[in-house]
Amino acid sequence: MSNHRFKALEIAQNRRAVPVAPPAERVSDFFGIYTFNKETMRALLSPEAYIRITEAIDTGGKIDREIADEVANAMKAWATSKGATHYTHWFQPLTGETAEKHDAFFDITVEGKAIEKFKGSALVQQEPDASSFPNGGLRNTFEARGYTGWDPSSPAFLMDNGAGGKTLCIPSVFISYTGEALDYKTPLLKALNALDKAATGVGQFFDRNISKVTATLGPEQEYFLVDKALFYARPDLVMAGRTVFGHSPARGQQLEDHYFGSIPPRVNAFMVDFEFEAMKLGIPVRTRHNEVAPGQFEVAPTFEEVNLSIDHNALLMDLMEKVAERHDFKVLFHEKPFAGINGSGKHNNWSMSTNTGVNLLGPSSKPKETLRFITYLVNVIKAVHDNADLLRASIASAGNEHRLGANEAPPAIVSIFLGETLTKALEDLETKSEISLQKGDNVYYKLGINRIPSLLRDNTDRNRTSPFAFTGNKFEFRAAGSSANSSSTMIVLNTIVADQLNKFRVDLSARLDNGEKKELAIVDILKQYYADSKRILFEGNGYSDEWVAEAARRGLSNIASTPDALAVYLKPESLMLFERMGVMNHSEVESRYEIELEKYIKKVQIESRVMGDLAMNHVISTALKYQNNLAQTAKALLDIGLEEEAAPIKELIREISKYVSAIKTHAEAMIEARKEANNLADTTERAKMYATKVKDFFDVIRYDVDKLELIIDDEDWPLVKYRELLFVK
Ligand code: ADP
Ligand code: MG
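All values derive from a computational prediction rather than experimental measurement.

*Asks:* So what exactly am I meant to see when it comes to the pattern of salt bridges here?
*Replies:* When charged atoms on two side chains of opposite charge get close, those side chains can pair. As enumerated under the stated definition, the model contains 44 salt bridges in all. The residue glutamate 277 makes a salt bridge to lysine 280 at a minimum N-O spacing of 3.3 Å. Separated by three residues within a single helix, glutamate 277 and lysine 280 lie in helix H11 (residues 265–280), roughly one turn from each other. Note that arginine 326 and glutamate 277 form a salt bridge whose closest N and O atoms lie 3.5 Å from each other. On the criterion of sequence distance, the pair formed by arginine 326 in helix H12 (residues 306–326) and glutamate 277 in helix H11 is long-range, its members being 49 residues apart. The exposure class of glutamate 277 is buried, given its relative accessible area of 17%. Through salt bridges that share partners, Arg15, Asp227, Lys228, Arg266, Glu325, Asp328 and Lys330 make up one connected network.

*Asks:* I keep staring at the pairing of strand S12 (residues 296–301) and nothing clicks. Help me out?
*Replies:* Along any regular strand, the residues point their side chains to alternate faces of the sheet. Within S12, six of the six residues are buried, leaving the element largely enclosed by the surrounding structure. Bridging between strand S10 (residues 213–227) and S12 involves four bridges; their strand directions are antiparallel. Residue phenylalanine 224 lies in a different strand from S12, and its bridge partner there is glutamine 296. Across four bridges, strand S11 (residues 285–288) lies against S12 in antiparallel orientation. Bridge pairing in S12 places arginine 286 opposite alanine 300.

*Asks:* Sorry, what's going on with the side chain of arginine 403 here?
*Replies:* Tracing the backbone shows arginine 403 in the loop between helix H15 (398–401) and strand S16 (416–417). One buried charge, arginine 403, has no salt-bridge partner; the nearest side chain with opposite charge is glutamate 222, at 5.2 Å. Looking at arginine 403, its side chain comes within polar contact range of the main-chain oxygen of serine 344, at 3.5 Å. One polar contact links the side chain of arginine 403 to the main-chain carbonyl oxygen of alanine 480, over a distance of 3.3 Å.

Quick notes on the rules
Residues numbered from 1 in each chain as written. Chains lettered and ligands numbered in written order. Predicted model: local features only at pLDDT ≥ 70, side-chain atom pairs only at ≥ 80, totals over all residues. Heavy atoms only, no water. Salt bridge = Lys/Arg side-chain N within 4 Å of Asp/Glu carboxyl O. Helix = DSSP H or I, 4+ residues; strand = E, 2+ residues; numbered from the N terminus. Buried < 20%, exposed > 50% of the residue type's maximum accessible area, 1.4 Å probe, protein only. Pairing = 2+ DSSP bridges. Lys, Arg positive; Asp, Glu negative; His and termini not counted. Polar contact = N/O pair within 3.5 Å; in protein donor to acceptor, adjacent residues only side chain to side chain.

This is the structure in structure tokens:
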């Protein structure tokens, strides 16, 4: 029992839950204590500065130099009083991780005196040495300067910097010297602004008091936990974030009986710990104490404005990784760490709410409000229908590719689930014949609208297999990957809905100019939109083969590979859409496409290398050793004349040889395919080659390795097995 696997197992088995004490008795005593929020600002800023900055936060207005200086001063005083020694602009480059570059508050004057300084200029803008971040060709090295700029709409916060002190983190955008976005946040803010304008414009037809619409997001984050020692005993987890080998127990098999049930104490301690830390940072977490798959868990915050929610999600992911260290866990955010077991997603719960406090996707019992609800609902459906491929592109990544379209995962086909009641309501709306208004008629009654609301409350028929589901008062985009920055999805979703709402406004205005009655004109337009887009509605089992066939009959796209999905960004209609909506210009979209492709290639390349390495240096060598043992046993049996008894052993030896030689052949062919791919100068071609010729070997090699795992003596097998990885006490 000398192998690495057993040492790791022994360590993991001896762990105990790490005790966690609450920071204070009541949550309200510590919620948000590490954020420079409105409350803190009100206390520390002059009334004038406070008004100006809240205005800037609420309406996106500019902040002048003097106010910035005052805010910087207040921030510094607040941060240093809480133990901060450094500050940083905190941003989200296109690598997918968060980035920071710490500067000390501390400075030396010309007289050699130590002072603490933080000016408005440093708050507003920074120039990180960020030439190593991906830019997709946007910045040439000779002008390798980008800068980060403060986003006042997301509060600054304090993070432990690991060395005892804290760092003041200032949420920021990251743009190139020539003004192009190099991050997720910049186009996101623009998309949210576009949505605000478009949705407000439409809202005005219903209520003149609607002057602002805020998109809201509640991301449910799924993840796996693995013991740290076991994690490090799996080079594939360390290098690629997922297991490239491992015989998976058949679906619904003993794992479920064994490991489902209450949360193990160590996991519980971890959850409680990161919840406390998150709440200190003002992240409104509500952990779900339920397991989805063995070893898999979920955390969901209460929804917030999209930009803030995404910052919080990114921060939460960082935090979970840090806190996990204290509990000797590793958090796996990968979309598909284990074959044969549920993957992880990040369900993007999304809606729109008005300054008047109305959730625009929330059904109402009043006919007039119902028409408004149906208007936004149908426009979202049409937007998703018309731009389904772009939504698919927004969730494309190497990790999610293992999940989408795979057996036990949402399909790569974008479809919408509405529920029976709502579908019927829209069907009724469509099939209603012309309505001639007569004096005294209740227009809503005639339109059938006043019959809808009472039925709407029944939304029990929730469908868990739909990638885009209406769940009572919001849409839930479930196909997004667990490791993704939700911005990709939110940029696309908010842009396409904004664009659609603009079109609706134009259509409606034209009819009103023609003297048509408003309610009738609206219903007429919605009927048409619904008829045009209803083929995207699907109520059945999205994971079934029948749906794949049915979707094809309906002419819906089913884009399986990441390079193909990403290519949608470059279509002229996509480029024009982003430009028209003021979200991204052509070169910004093109550079994003390049970066995503590069990321994809790199990930598949790493997986392929890890696979080759494990196959040759761990699996085959173990198989040969075991084979040698078998040969000795067979020989011994033959020596004493037990030929019949030696026969099955000889059979086993042959079987092992068969697998070993297949693995070797395929691993070598995979290396050749990689070489061939690497020689391609064009990124698109290279990515496609990785997606097909290289990746095609993954399942083939895995099949044989997993067979060997079943044959070879458990004592000799070098890789921590699934049942061990997924078992946490
Ligand atoms: P589920 O059945 O999917 O678990 P929940 O009601 O628990 O549904 O909500 C899941 C997520 O949806 C939570 O993060 C919640 O805050 C979020 N959510 C609820 N209402 C909205 C909304 N109007 N806009 C965005 N997200 C919302
Ligand atoms: Mg959900």
